[in-house]
Amino acid sequence: MNPFATRIQHNPVIWSFSAMLAVLGFLGSLAWLTNRERINTFDPDQATRIRSGTLDVQAEYQKLSSEVTKLREETTKFQNAAANESGQAKLLNKSLQDAKKLAGLTELEGPGISITLRDNLKGKSDSPIIDTVVHDTDVLRVVNELWNAGSEAISVNGHRVVTGTNFRCVGSVMLVNNIQCASPITIQALGDPKTLMGAMNLPGGIIYEIKDSGGAGMVQIDSIKKMRLPAYAGSTTYKFAVVPKDAK
Amino acid sequence: MILIPILALIVGVLLGRLVAQPVGGIAGTYIAVAVLAGLDTICGGLRSNLEGKFHTDIFVSGFFSNVVIAFFLAWLGDRIGINLFLASAVILGGRIFVNLSLIRRFALTKWQDYRERKRIQRQAQQTQQMNAT
């Protein structure tokens, strides 16, 4: 006779406790694992700190991008020179220059408007501070509104808005095309100044919203008769995308 | 005897680690509340056992219903936009504290009783020996 068994018979309490504790242990370790998984993902503050590690690369990036601009200008000159040779090349060059215009790889000039957004830290004291500083979404929405109103080219703080341009707030600065900018942010748009002004002053529009939440001092809009937008100076190298052979 | 529940707990934990699939998304929070409910039921069972009011059926059904209710309360709270998760966490946490303090009181009383009994026994022995000599 097993003495253990007889003792157990007297103690159903132990067995129910054991079973429940086993279930509890299972659930507990599951919850533990789940929580650890959650902690392992970065919180925004950590992510910001990690990203700011790239700051010293920025200066070098600026230098290289100015070199890129210079080289692209030279290419344009060469293309134009080559085009002088024959009519066919001339046609080819024209379409090439059009494509470069569309891609934002050449400087452009013409009439337009200039919008300056600046942090309004003392204007409206009753607003929370989050409303009185310029955010990436503000810039993004203004740019979007400008495209919608028929802008032909846009630059933000001297950085041309092209395909793939992004605006991001990182700590106290903003990244435009991954280059650091800070308030005031100047957005220049080429297009019909009257139309663009009208779009910007739309009641209930984005400018109205910014002024409403952060004070009228945050926004300044000027109509400009002739201005010059810089060419895109960033990388144009594609790593993954290729043109398919049967593309039309 | 007390080793069996502890062993069971360890087995449960190991089983959980073996499965090792972190529960995705928000359901993880619900499991945390369910764990709290389970812990509360265990404490409650321990207490009722000490009080001599322990019933296995009540304990087992209570454990599972509490776990399931806590899980679904947290889930429902998320669906309708109020943090019922907090409600369960606060209530269950409070109950765990109350139960543990009662258990402590019982254990202390038992221990003091035991010492008192020993003391009286010793005294009785001493008087017996004195009477004998």
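Each remark here, short or long, concerns the structure printed above.
Residues numbered from 1 in each chain as written. Chains lettered and ligands numbered in written order. Predicted model: local features only at pLDDT ≥ 70, side-chain atom pairs only at ≥ 80, totals over all residues. Heavy atoms only, no water.

Trainee: Would you take a moment to explain the overall build of chain B for this structure?
Mentor: Counting secondary structure elements, chain B contains 4 helices and 0 strands. Listing every helix and strand of chain B by position from the N terminus yields α-α-α-α. Split into buried and exposed, the 133 residues of chain B put 26% on the buried side. Once local pairs closer than 6 in sequence are excluded, the contacts in chain B between residues at least 24 apart make up 76%. Of the roughly 9000 Å² of accessible surface on chain B, a fraction of 67% belongs to carbon and sulfur atoms. (Helix = DSSP H or I, 4+ residues; strand = E, 2+ residues; numbered from the N terminus. Buried < 20%, exposed > 50% of the residue type's maximum accessible area, 1.4 Å probe, protein only. Contact = heavy atoms within 4.5 Å. Areas by Shrake-Rupley, 256 points an atom, 1.4 Å probe, with all protein chains shown as cover.)

Trainee: Please clarify how the packing of helix 3 (residues 56–80) of chain B against helix 4 (residues 84–132) of chain B should be interpreted in this entry.
Mentor: Two numbers describe a pair of packed helices, the interaxial angle and the distance between the axes. The N-to-C vectors of helix 3 of chain B and helix 4 of chain B enclose an angle of 145°; their axes lie 7 Å apart at closest approach. Contact with helix 3 of chain B, carried on its side by B:Asn66, B:Ala70, B:Leu73, B:Ala74, B:Leu76 and B:Gly77, involves B:Leu84, B:Phe85, B:Ser88, B:Leu92 and B:Arg95 of helix 4 of chain B and no other residues of that element. (Axes fitted to C-alpha atoms, helices over the stretch in contact; angles between N-to-C directions.)

Trainee: Looking at this model, I keep getting lost on the sheet that holds strand 8 (residues 219–229) of chain A. Mind explaining?
Mentor: Two strands in a sheet stick together by hydrogen bonds in their backbones, pointing the same way (parallel) or opposite ways (antiparallel). Residues and elements named next belong to chain A. The antiparallel open sheet is built from 5 strands, whose spatial order is 3-2-7-1-8. Each having just a single partner strand, strand 3 (159–160) and strand 8 make up the two edges of the open sheet. Alignment of strand 1 (residues 108–117) against strand 8, held across 9 bridges, turns out to be antiparallel. Across the sheet, residue Gly 110 finds its bridge partner in strand 8, namely Met 227. Sheet strands in contact with helix 8 (residues 193–200) are strand 1, strand 7 (185–190) and strand 8, and its direction is about 20° off that of strand 1. (Pairing = 2+ DSSP bridges.)

Trainee: Before we go on, may I ask you to explain the interface of chain B and chain A in this structure?
Mentor: Often, the extent of an interface is quoted as the loss of accessible area on bringing the components together. At the junction of the two partners, chain B supplies 34 residues and chain A supplies 28 residues. A buried area of about 2700 Å², summed over both sides, lies between chain B and chain A, and 83% of it is on carbon and sulfur atoms. Put simply, chain B and chain A have 0 salt bridges between them. Joining chain B to chain A, the criterion identifies 2 residue pairs in polar contact (both at pLDDT 80 or more). Residue assignment for the side of chain B that touches chain A shows that the elements contributing at least two residues are helix 1 (3–19), helix 2 (27–51) and helix 3 of chain B. At 11 residues, helix 2 of chain B tops the list of elements feeding residues into the side of chain B that touches chain A. (Buried area = accessible area lost by both parts, 1.4 Å probe. Salt bridge = Lys/Arg side-chain N within 4 Å of Asp/Glu carboxyl O. Polar contact = N/O pair within 3.5 Å; in protein donor to acceptor, adjacent residues only side chain to side chain.)

Trainee: Looking at this structure, how should I read the environment of A:Arg118?
Mentor: All names here are of chain A. For Arg 118, the location among the structural elements is in the loop between strand 1 and helix 6 (129–132). Residues Arg 118 and Val 134 lie 16 residues apart in sequence; the distance between their C-alpha atoms is 6.3 Å. Setting aside chain neighbours within four positions, we find Arg 118 in contact with Val 134, Ser 183, Pro 184, Gly 217, Met 218 and Gln 220.

Trainee: Whenever I open this one, the sheet that holds strand 6 (residues 179–181) of chain A confuses me. Can you help?
Mentor: All names here are of chain A. Read across the sheet, 3 strands follow the order 4-5-6 without closing on themselves; strand pairing throughout is antiparallel. Where the open sheet ends on each side, the last strands, each with one partner, are strand 4 (167–170) and strand 6. Put simply, the sheet's adjacent strands are angled 35° from each other on average, direction ignored. Against the sheet, helix 7 (residues 136–148) makes contact with strand 4 and strand 5 (173–176), and its axis sits at roughly 165° relative to strand 4, the strand it touches most.

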